[in-house]
Amino acid sequence: MNFEFQNPTRIVFGAGNLSRLGELTGEYGRKALLVTGGGSVKRNGIFDRAVESLKAAGISYVECDGIEPNPRIASVARGAEIVERESCDVIVALGGGSVMDASKVISAAALYDGDPWDMIHHGQENVYVPTEALPVITVPTLAATGSESNCGAVITKENDKVKSFIQIPLLYPKTALVDPELTVSVPQDQTAYGVCDLITHVTEAYFNGIDTTPVQDRFAEGVILTAMEWGPKAIADGTDLTARAQVQWAALVALNGWLQAGTDAPYPVHMMEHTLSGHHDVTHAAGLSVINPAWMRFAARSNTAKFVQFAERVFGLKADSPEDLNCALAGIDRFETFLRSIGCPTRFSELGIGDELFETYAKDTLKIVSDGNGNLPGRPSMSVEDMVGIFRSAL
């Protein structure tokens, strides 16, 4: 291994901490852009409690609401315009991963005179790398993406059906205020999608990384086992605050960079899913729950030992040898069964998607990320034909 690791985001974790929002925000500014999504934070009272805390600390705010589940670049531009017009000096992201992702890009777009799409990787020759951004405070209301304490964001340009990413240290939030109480009203299906999302973040590095990361492997397996133990409890009883807290913490550590340190792993499942939801605007984790097991069956044939390890350590299966493909595939079957048991789709037909655009998905994915030889980076790398085969196996 050869790596550097730093995560500068301060994490304030615990039930009831929303009351500290004003205090924590006041360390960085006096007028906040309060970014929200589709309205659930207002219906369940979280918005009013957040505003109360801001006002008590003497912080004024303006709102940027209506951020979409797959956040649009137009919404980023709208948020940046509000920041400029209202002279905001800090951004508060109150919502799920989409709200947090949009807020991070708004923080840089507000200080950039050009098109914010310039900073999103979408196959252009020159990607604009911002050099300044407003401070961001993240307040997740869903345990899923881990966006509250990482430096990445995924944005969609809806007219072009392109969904892609930016990932630079500048976009680390200053503080993540993580209050598991804010997730108790999340519906069962969205809770299940969050569990799938966080597990997929872990499996991407686990299966696509190098072979000499035993510490990271054990951390990864622990997060997966924790999510599989406590996720169903949170789904069954949304008021189970202990279960909510365990899933919330698992989601955060799944993508704060620690499990990925030294693995040098690309994220092929995410790249393929971004293309899918760019075309169909499906829930990100719903697409992941279909593609990930299908990709696993493809990858297990060339990286069998790692999938055997997964089957043995996570599901307690026993292999005849490190190259026991039957054991590896049985572990994947167990994983897919788990996804179904919590209500996640595992077939494209469940999303209303047929095979008409499979080749288009594959080619569009390569427009975003390619190894220079016409393949999608991963372990193994994948050609257009490989990706189409994976998609077909998930019909």
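The notes below deal with the structure included here. (Residues numbered from 1 in each chain as written. Predicted model: local features only at pLDDT ≥ 70, side-chain atom pairs only at ≥ 80, totals over all residues. Heavy atoms only, no water.)

## Details of the environment of glycine 238
Piece 1. With respect to the helices and strands, glycine 238 occurs in the loop between helix 7 (214–236) and helix 8 (241–254).
Piece 2. For glycine 238, a relative accessible area of 18% gives the class buried.
Piece 3. Sequence-distant contacts of glycine 238, defined by excluding residues within four places in its chain, comprise Val184 and Arg244. (Helix = DSSP H or I, 4+ residues; strand = E, 2+ residues; numbered from the N terminus. Buried < 20%, exposed > 50% of the residue type's maximum accessible area, 1.4 Å probe, protein only. Contact = heavy atoms within 4.5 Å.)

## Some points on the sheet that holds strand 8 (residues 175–178)
Piece 1. The strand order 1-8-5-4-2-3 describes an open sheet built from six strands, whose pairing is parallel. With one partner strand each, in any of the chains shown, strand 1 (10–13) and strand 3 (60–64) form the two edges of the open sheet. Pairwise comparison of adjacent strand axes, ignoring direction, gives a mean angle of 20 degrees for this sheet.
Piece 2. Here helix 3 (residues 46–56) sits on the sheet and contacts strand 2 (31–35), strand 3 and strand 4 (90–95); the angle it forms with strand 3, its principal contact strand, is near 150 degrees.
Piece 3. Sheet strands touched by helix 4 (residues 73–86): strand 2 and strand 3. Its angle to strand 3, the strand with the most contacts, is close to 155 degrees. (Pairing = 2+ DSSP bridges. Axes fitted to C-alpha atoms, helices over the stretch in contact; angles between N-to-C directions.)

## Remarks on a nonpolar patch on the surface
Piece 1. A grouping of Met1, Phe3, Phe5, Val215, Phe219 and Trp258 is seen on the molecular surface, where their side chains present a nonpolar patch of about 580 Å² in accessible area.
Piece 2. As for its position among the elements, phenylalanine 3 is in the segment before strand 1. (Patch = residues over 30% accessible without salt bridge, like charges linked within 9 Å, V, L, I, M, F, W, Y side chains within 5 Å. Areas by Shrake-Rupley, 256 points an atom, 1.4 Å probe, with all protein chains shown as cover. Salt bridge = Lys/Arg side-chain N within 4 Å of Asp/Glu carboxyl O.)

## Digging into the packing of helix 6 (residues 188–208) against helix 10 (residues 284–299)
Between two packed helices, both the angle of their axes relative to each other and the distance between the axes serve to describe the pair.
Piece 1. Interaxial distance between helix 6 and helix 10 falls to 9 Å at its minimum, and their mutual angle equals 35 degrees. For the pair helix 6 and helix 10, the sense of crossing is left-handed. On helix 10, the residues that touch Tyr193, Cys196, Asp197, Thr200, Thr203, Phe207 and Asn208 of helix 6 are His284, Ala285, Ala286, Leu288, Ser289, Asn292, Trp295 and Met296. (Left-handed = near helix turned anticlockwise from the far one by under 90°.)

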